[in-house]
2 protein chains.
Amino acid sequence: MSETKILLSEKEMPTHWYNIQADMPNLPKPALHPGTKQPVGPEDLKPIFPMELIKQEVSTERWIEIPEEVQEIYKIWRPSPLIRARWLEKALDTPAKIYYKYEGVSPAGSHKLNTAVAQAYYNKAEGIKRLATETGAGQWGVALSQAANFFGLECTVYMVKVSYQQKPYRRSLMQIFGANCIASPSTLTSSGRHILEKDPESLGSLGIAISEAVEDAVSREDTNYALGSVLNHVALHQSVLGLEAREQMAKVDAYPDVVIACCGGGSNFAGIAFPFAYDKIVKGAKVRLVAAEPSACPTLTRGHFGYDYGDVAGFTPLLWMYTLGKEFMPPGIHSGGLRYHGDSPLVSQLVHDGIAEARAFGQTAIFESAVLFAKSEGFVPAPESSHAIHSAVEEALAAREAGEARTILFNLSGHGMLDLPSYDDFLAGKLEDYPLPEDSLKEALAQLPKI
Amino acid sequence: MSETKILLSEKEMPTHWYNIQADMPNLPKPALHPGTKQPVGPEDLKPIFPMELIKQEVSTERWIEIPEEVQEIYKIWRPSPLIRARWLEKALDTPAKIYYKYEGVSPAGSHKLNTAVAQAYYNKAEGIKRLATETGAGQWGVALSQAANFFGLECTVYMVKVSYQQKPYRRSLMQIFGANCIASPSTLTSSGRHILEKDPESLGSLGIAISEAVEDAVSREDTNYALGSVLNHVALHQSVLGLEAREQMAKVDAYPDVVIACCGGGSNFAGIAFPFAYDKIVKGAKVRLVAAEPSACPTLTRGHFGYDYGDVAGFTPLLWMYTLGKEFMPPGIHSGGLRYHGDSPLVSQLVHDGIAEARAFGQTAIFESAVLFAKSEGFVPAPESSHAIHSAVEEALAAREAGEARTILFNLSGHGMLDLPSYDDFLAGKLEDYPLPEDSLKEALAQLPKI
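What you see is a predicted model, and the numbers here were worked out from it, not measured in a lab. (Residues numbered from 1 in each chain as written. Chains lettered and ligands numbered in written order. Predicted model: local features only at pLDDT ≥ 70, side-chain atom pairs only at ≥ 80, totals over all residues. Heavy atoms only, no water.)

**As for the overall build of chain A**
Link 1 in the chain: When helices and strands are counted, chain A shows 18 helices and 15 strands.
Link 2 in the chain: Taking 451 residues into account, the globule formula puts the C-alpha radius of gyration at 22 Å, and chain A, at 20 Å, falls close to it.
Link 3 in the chain: In terms of its C-alpha atoms, chain A occupies a principal-axis envelope of roughly 60 × 50 × 45 Å.
Link 4 in the chain: By the burial criterion, 67% of the 451 residues in chain A qualify as buried.
Link 5 in the chain: The averaged location of the 54 negative side-chain charges in chain A is 2 Å from the averaged location of its 41 positive side-chain charges. (Helix = DSSP H or I, 4+ residues; strand = E, 2+ residues; numbered from the N terminus. Rg over C-alpha atoms; globule rule 2.2 N^0.38 Å. Buried < 20%, exposed > 50% of the residue type's maximum accessible area, 1.4 Å probe, protein only. Lys, Arg positive; Asp, Glu negative; His and termini not counted. Charge placed at Lys NZ, Arg CZ, Asp CG, Glu CD.)

**Remarks on the confidence of the model for chain A**
Link 1 in the chain: Here chain A averages 96 in pLDDT, and 100% of its residues register 70 or above.
Link 2 in the chain: Interface confidence for the predicted complex, given as ipTM, is 0.96, next to a pTM of 0.97. (pLDDT = per-residue confidence, 0-100.)

**What to know about the relation of the copies chain B and chain A**
Link 1 in the chain: Mapping chain B onto chain A calls for a rotation angle of 180 degrees and an axial translation of 0.0 Å; the resulting RMSD is 0.0 Å. This pairing of chains is accounted for by a two-fold axis. (Least-squares fit on C-alpha atoms with pLDDT ≥ 70 in both.)

**So, the packing of aromatic side chains**
Link 1 in the chain: Under the counting rule described, the total for this entry stands at 35 aromatic pairs over all chains.
Link 2 in the chain: With a centroid separation of 5.6 Å and 20 degrees between ring planes, the pair formed by Tyr100 of chain A and Phe410 of chain A is classed as stacked. Taken as a pair, Tyr100 of chain A in strand 5 (residues 97-102) and Phe410 of chain A in strand 15 (residues 407-412) lie far apart in primary sequence, 310 residues in all. Both residues of the pair, Tyr100 of chain A and Phe410 of chain A, belong to the buried class.
Link 3 in the chain: Plain terms: the ring middles of Tyr100 of chain B and Phe373 of chain B are 5.1 Å apart, the flat faces sit at 75 degrees to each other, and that makes the pair edge-to-face. One end of the pair, Tyr100 of chain B, is in strand 5 (residues 97-102); the other, Phe373 of chain B, is in helix 15 (residues 363-377), with 273 residues separating them in the sequence. Both residues of the pair, Tyr100 of chain B and Phe373 of chain B, belong to the buried class.
Link 4 in the chain: An aromatic cluster of at least three residues, connected via ring pairs, comprises Tyr100, Tyr102, Phe373, Phe379 and Phe410 of chain A.
Link 5 in the chain: The ring of Tyr164 of chain A carries the charged tip of Arg171 of chain A above its face, separated from the ring centre by 4.1 Å. (Phe/Tyr/Trp six-rings, centres within 6.5 Å; stacked < 30°, edge-to-face > 60°. Lys NZ or Arg CZ within 6 Å of the ring centre and 35° of its normal.)

**Notes on the sheet that holds strand 5 of chain A**
Backbone hydrogen bonds hold the strands of a sheet together, and the pairing may be parallel or antiparallel.
Residues and elements named next belong to chain A.
Link 1 in the chain: As summarised here, the arrangement of the 7 strands in space is 1-4-5-15-10-11-14, forming an open sheet in which the pairing is mixed. Only two strands of the sheet have a single neighbouring strand rather than two, namely strand 1 (5-6) and strand 14 (357-361).
Link 2 in the chain: Pairing of strand 4 (residues 82-84) with strand 5, which is carried by 3 bridges, proceeds in the antiparallel orientation. In the strand pairing of strand 5, Arg84 is matched with Tyr99.
Link 3 in the chain: Seen against the sheet, helix 12 (residues 267-283) touches strand 5, strand 10 (258-262), strand 11 (288-294) and strand 15 and runs at an angle of roughly 155 degrees to strand 10.
Link 4 in the chain: Strands strand 5, strand 10, strand 11, strand 14 and strand 15 of the sheet are contacted by helix 16 (residues 383-402), whose axis makes an angle of about 150 degrees with strand 10. (Pairing = 2+ DSSP bridges. Contact = heavy atoms within 4.5 Å. Axes fitted to C-alpha atoms, helices over the stretch in contact; angles between N-to-C directions.)

**Side note on the sheet that holds strand 10 (residues 258-262) of chain B**
Residue and element names in this part refer to chain B.
Link 1 in the chain: Pairing is mixed in the open sheet, where 7 strands are placed in the order 1-4-5-15-10-11-14. Only two strands of the sheet have a single partner each, and these edge strands are strand 1 (5-6) and strand 14 (357-361).
Link 2 in the chain: Where strand 5 lies against strand 15 (residues 407-412), 6 bridges are found, and the strand directions are parallel. Residue pairing for strand 15: Tyr99 is matched across the bridge by Leu409.
Link 3 in the chain: Running at roughly 150 degrees to strand 10, helix 16 (residues 383-402) makes contact with strand 5, strand 10, strand 11 (288-294), strand 14 and strand 15 of the sheet.

**Brief notes about the side chain of His233 of chain B**
All names here are of chain B.
Link 1 in the chain: For His233, the location among the structural elements is in helix 11 (residues 232-251).
Link 2 in the chain: Relative accessible area serves as the criterion here: at 1%, His233 is assigned to the buried category.
Link 3 in the chain: At 2.7 Å, the side chain of His233 and the side chain of Glu57 are in polar contact.
Link 4 in the chain: Contacts of His233, omitting those with residues within four sequence positions, involve Phe49, Leu53, Gln56, Glu57 and Gln119. (Polar contact = N/O pair within 3.5 Å; in protein donor to acceptor, adjacent residues only side chain to side chain.)

**Some remarks on the interface of chain B and chain A**
Link 1 in the chain: Taken together, the contacts link 46 residues of chain B with 46 residues of chain A.
Link 2 in the chain: Where chain B abuts chain A, roughly 4,100 Å² becomes buried across the two surfaces, and 63% of that area is made up of carbon and sulfur atoms.
Link 3 in the chain: Of all residues in chain B, Ile76, Tyr169 and Ile176 of chain B give up the largest surface area on contact with chain A, accounting jointly for 18% of the area buried on that side.
Link 4 in the chain: Inspection of the chain B/chain A interface yields 2 salt bridges.
Link 5 in the chain: For the side of chain B that touches chain A, the secondary-structure elements that each account for two or more residues are helix 3 (68-74), helix 6 (139-150), helix 8 (168-176), helix 15 and helix 17 (420-427) of chain B.
Link 6 in the chain: Each residue belonging to the side of chain B that touches chain A can be placed in one class, and the counts come to 26 nonpolar, 10 polar and 10 charged. (Buried area = accessible area lost by both parts, 1.4 Å probe. Salt bridge = Lys/Arg side-chain N within 4 Å of Asp/Glu carboxyl O. Nonpolar A, V, L, I, M, F, W, Y, C, P; charged D, E, K, R; others polar.)

**A look at the domain arrangement of chain A**
All names here are of chain A.
Link 1 in the chain: Under the domain assignment used here, chain A contains domain 1 (5-9 + 78-109 + 239-445) and domain 2 (45-66 + 112-232).
Link 2 in the chain: Using only C-alpha atoms to locate each centre, domain 1 and domain 2 end up separated by 23 Å.
Link 3 in the chain: For the pair domain 1 and domain 2, the summed buried surface comes to about 2,300 Å²; carbon and sulfur atoms form 66% of the total.
Link 4 in the chain: The three residues of domain 1 that bury the most area against domain 2 are Ala108, Phe315 and Leu418, which together make up 24% of that side's buried surface.
Link 5 in the chain: Counting every contact that joins domain 1 to domain 2 gives 2 salt bridges.
Link 6 in the chain: Put simply, Asp419 and Lys167 hold a salt bridge, and the shortest N to O gap is 3.1 Å.
Link 7 in the chain: For the interface between domain 1 and domain 2, the tally reads 12 residue pairs in polar contact (both at pLDDT 80 or more).
Link 8 in the chain: Put simply, the parts of the chain that give the side of domain 1 that touches domain 2 at least two residues each are helix 11 (232-251), helix 12 and helix 14 (345-352).
Link 9 in the chain: For the side of domain 1 that touches domain 2, the residue count by class is 18 nonpolar, 13 polar and 7 charged. (Domains from an automatic or database assignment.)

**Concerning the environment of Tyr307 of chain A**
All names here are of chain A.
Link 1 in the chain: Locating Tyr307 in the fold gives a position in strand 12 (residues 304-309).
Link 2 in the chain: For the pair Tyr307 and Ala31, spaced 276 residues apart in the sequence, the C-alpha separation amounts to 8.4 Å.
Link 3 in the chain: Non-local contacts of Tyr307, meaning those with residues more than four positions away in its chain, are made with Lys29, Pro30, Leu32, Leu318, Leu319, Trp320, Leu448, Pro449 and Ile451.
Link 4 in the chain: A polar atom in the side chain of Tyr307 sits 2.5 Å from the backbone oxygen of Pro30.

**Section: the state of the cysteines**
Link 1 in the chain: Taken as a whole and assessed by the stated rule, the structure comprises 0 disulfides over all chains.
Link 2 in the chain: Not engaged in a disulfide, the cysteine Cys263 of chain A finds its nearest cysteine sulfur in Cys262 of chain A; these two sulfurs lie 7.5 Å apart. (Disulfide = S-S within 2.5 Å.)

Here is the structure:
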């Protein structure tokens with residue numbers, strides 16, 4: 001039998017990140033200042049980001065070097081394995097070859113650590129002592145806590161209150177890494193207090209937590225803000241995983257017909273898909289790029305393409321993206337990491353331009369595929385990542401239907417060891433397939449900023 | 001900087017397990033039938049084990065081939081990485097080089113899957129339809145559930161009731177893999193009912209759960225029993241990890257001065273240490289082999305060397321080993337996987353003969369080292385594995401004291417993603433360093449079978 005795992009040595013690890021802004025036929029429109037509605041400049045972002053990340057945000061250089069200090073930490077788990085899903089192929093009785101890139105091997109348990117380490121490094125290099133961020137389900141909070149600890153930075157994480165209560169294990173992890181994890185909305189910020197005045201029982205949202213973290217960073221000289229998805233520099237850092245995957249597939253003379261990742265803020269999709277988007281745009285490769293999102297929060301498939309705020313309070317710049325409107329309140333699906341009203345401007349633009357495509361799935365379907373995957377391949381996936389699995393299963397069944405030995409690549413962005421209660425719900429038949437709250441969507445879209 | 005991770009390709013994976021029974025200066029005395037007190041023969045074991053495992057139990061062949069079907073499943077995660085603990089070395093300011101073998105990458109999260117897959121394979125090959133086993137903290141139950149599922153076998157796991165209640169995440173995992181997880185003592189077996197009659201509130205113990213699983217297997221034609229540690233065939237299967245580690249160290253021209261693993265039933269220690277014990281016994285290598293155990297259950301450091309039962313009810317053969325007495329009730333430390341009164345006869349004999357040595361540590365100390373490790377190396381270890389980390393830290397500090405660049409190898413047998421509440425207790429200062437219950441030990445030793 002040929003290889004199951006395709007590994008790269010540390011010497012083969014990419015030394016540069018790939019920046020798709022060098023190659024896109026259309027760049028997203030520039031981010032706008034929330035006050036003036038004029039394009040933001042470096043000075044506007046300086047209170048919350050280090051200059052090196054601000055430069056990366058707008059750079060059109062194709063390759064950006066990965067600092068040696070970041071590479072050294074990457075080597076704890078990178079290059080991550082690419083695995084041929086032989087047993088899943090067998091279970092589906094498909095002629096398709098299915099490969100998955102497995103980012104669950106990172107000590108933080110997901111791909112989020114790729115950008116967290118880079119962001120902590122640049123902040124440290126520019127003299128910052130402390131980072132503030134928000135987290136939904138907790139994967140990003142864990143990753144930034146760990147990265148901050150590697151570089152001796154303090155870290156404060158505003159965690160959406162409902163997750164803070166429901167996911168104590170992720171909170172424990174942040175505490176092990178020495179971070180200060182706070183339930184949001186909190187009384188520590190004026191935006192948190194404002195929400196609590198209106199609704200003392202508020203369970204929070206990602207948009208609220210972002211407002212609190214940004215306010216924290218703006219109000220302290222020694223503190224910057226860090227974001228785990230959406231922004232261009234985050235997509236840039238995640239490209240390391242797609243670059244590795246492309247190299248790994250080349251080792252076995254394989255090239256994907258379709259590349260799939262789940263998509264919330266977009267960094268995971270960007271990471272695996274952008275190096276292949278380069279092949280598609282620059283070299284004319286015939287590869288489909290599929291972003292899989294929850295049908296309960298269908299930003300790419302049902303959202304409006306235009307300007308919107310990244311947070312609920314309206315502190316952040318306006319981004320040019322697909323959005324459901326910052327007031328949209330998605331149902332409480334188990335994939336907390338995908339419950340975001342907006343999306344990466346880069347991913348949004350590629351979908352708008354037909355270079356990438358999007359699919360939306362309900363949570364019963366994605367858990368069915370998650371359990372099928374766990375039983376056939378062994379690894380229990382995070383609910384978020386299971387959107388990619390489900391999409392890959394659909395593609396494999398279509399290949400069977402067509403009788404074609406198509407090659408499918410997906411990113412398994414994280415393990416589900418801290419999401420097991422949601423599997424209990426699924427196995428007990430208690431999982432609901434929430435319909436999209438059409439009224440909330442309509443209302444949220446009506447309130448989009450008019451620009 | 002030189003390599004951080006030392007990887008092997010699948011082609012370099014061992015094709016044979018190493019059987020230390022070929023090379024030990026003294027073999028343990030034979031196992032005795034619990035009724036006749038005569039050495040057990042294959043016929044005695046046939047009701048609960050497949051013949052191939054019974055043969056392995058007493059084989060003195062040095063190399064035993066790993067079946068191709070088992071190798072194919074191993075390839076999902078094996079060869080596992082060997083990692084140079086650069087950041088831990090730095091944190092300890094030691095001239096020592098510290099390497100760890102990381103078994104937490106297995107889909108079951110620990111080294112237990114190495115033998116689970118082999119055991120499920122041999123049972124399937126001999127026509128068995130169903131496996132019964134016990135589990136304490138749950139790592140073994142998870143591994144066997146997963147392995148049984150790979151080979152299409154049913155699986156019933158008797159889980160010590162206190163863990164069943166306290167560790168619902170591990171129970172969820174077993175259910176994902178389709179196993180039937182039952183709180184022990186249960187009303188399904190006569191030994192369970194017997195315990196419940198005496199004490200309806202019994203929280204169970206590993207010894208009781210073993211009795212239930214063995215009774216289950218004996219009472220059904222289609223069912224065999226599987227044990228996750230202690231026995232010779234289990235130690236044999238785990239040798240794959242030590243063989244890999246030795247090959248990985250050779251790749252960077254390194255050889256350990258000391259090899260360390262935690263030790264409960266002994267399979268984890270056997271796995272990493274036996275291939276080096278071969279070097280020591282056969283080739284005269286100067287390598288120390290250290291088994292790290294909890295001071296609350298100090299089998300190797302405080303136990304009696306002689307015959308004892310493996311379970312509480314006295315169903316199992318009498319094994320020649322270090323034991324605290326089957327009636328010994330260790331305090332409720334967080335390292336549930338190390339709370340066993342006995343130990344592997346092979347490991348016991350090697351310790352008795354001075355080829356291996358043992359150290360005992362309190363749980364506050366091991367959690368301190370666990371957090372130090374997590375903060376410096378990134379991976380959050382299982383409490384059991386943290387005994388090995390703590391012992392490695394001690395060795396590294398001794399090397400600093402001596403000003404010697406010693407080489408330390410330890411096995412990080414599993415991750416701690418499902419043990420986070422114990423970290424919460426530690427960080428909150430709530431962890432107790434239980435003293436050894438001397439009265440219980442004295443009483444248990446007095447009740448040892450007189451043979």
